[in-house]
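Inside the fold
Below, each chain spelled out in residue letters.
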Amino acid sequence: MSEAIADVHRGVRFTVEAAPRSGGFEGRFAILDVAAAGQVGTDDSYRPATDNLWATEQEALTYATEAAHHAIEGIPAFDKGTPGL
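Since we're looking at a predicted model, the values are computed, not measured.

Calculation rules
Residues numbered from 1 in each chain as written. Predicted model: local features only at pLDDT ≥ 70, side-chain atom pairs only at ≥ 80, totals over all residues. Heavy atoms only, no water. Core = buried A, V, L, I, M, F, W, Y, C linked by side-chain atoms within 4.5 Å. Buried < 20%, exposed > 50% of the residue type's maximum accessible area, 1.4 Å probe, protein only. Helix = DSSP H or I, 4+ residues; strand = E, 2+ residues; numbered from the N terminus. pLDDT = per-residue confidence, 0-100. Salt bridge = Lys/Arg side-chain N within 4 Å of Asp/Glu carboxyl O. Pairing = 2+ DSSP bridges.

It is worth spelling out the nonpolar core at this point. F14, V16, F29, I31, A68 and I72 are the most contacted members of the largest nonpolar core, which has 13 residues in total. Residue assignment for this core shows that the elements contributing at least two residues are β2 (12–21), β3 (24–31) and α1 (57–73). Among the elements that make up this core, the one with the highest residue count is α1 (7 residues).

Another aspect to go through is the confidence of the model for the protein chain. In this model, the protein chain carries an average pLDDT of 76, and 64% of its residues clear a pLDDT of 70 or more. Mean pLDDT values for the elements of the protein chain range from 62 in strand β4 (residues 40–41) up to 90 in β2.

The backbone of R10 shows a phi angle near 50°, a positive value even though the residue is not glycine. Mapped onto the fold, R10 is located in the loop between β1 (5–9) and β2. Residue S22 is not a glycine yet carries a positive backbone phi of 50°. Tracing the sequence through the fold places S22 in the loop between β2 and β3.

Inspection of every chain in the model, using the stated rule, returns 2 salt bridges. The salt bridge involving R21 is made with E26; its shortest N-O contact spans 3.8 Å. The closest approach of N and O atoms between R28 and E26, which form a salt bridge, is 3.2 Å. Look at R28 and you get partly exposed, because its relative accessible area is 29%.

Within β2, 7 of the 10 residues are buried, leaving the element largely enclosed by the surrounding structure. Bridging between β1 and β2 involves 5 bridges; their strand directions are antiparallel. Note that in β2 the partner of V8 across the bridge is R13. In this structure, the hairpin formed by β1 and β2 is closed by a connection of 2 residues, where R10 is found at a positive phi of approximately 50°. As judged from the 8 bridges shared by β2 and β3, these two strands associate in the antiparallel manner. Bridge pairing in β3 places R21 opposite G24. Linking two consecutive strands that pair antiparallel, namely β2 and β3, is a turn of 2 residues; a positive phi of about 50° is found at S22 within it.

Here's what the structure looks like:
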């Protein structure tokens, strides 16, 4: 497993990591700040994937970072429609 990388998006702290799985890497994120603490995941609600397995560690980290950004922004699941409408 890669070392967790900490970052900040819109003032909210989060970490991402890439875990080896089945010959590839799975991207994971965790929201650290109290207001949104406890949000962890591998899936991106805005751009869901059929399988969260990436060929390289960097791809997994990039996908996990995008997923964390979308979780922080409060974007609803892809099948739940457009926010605010």
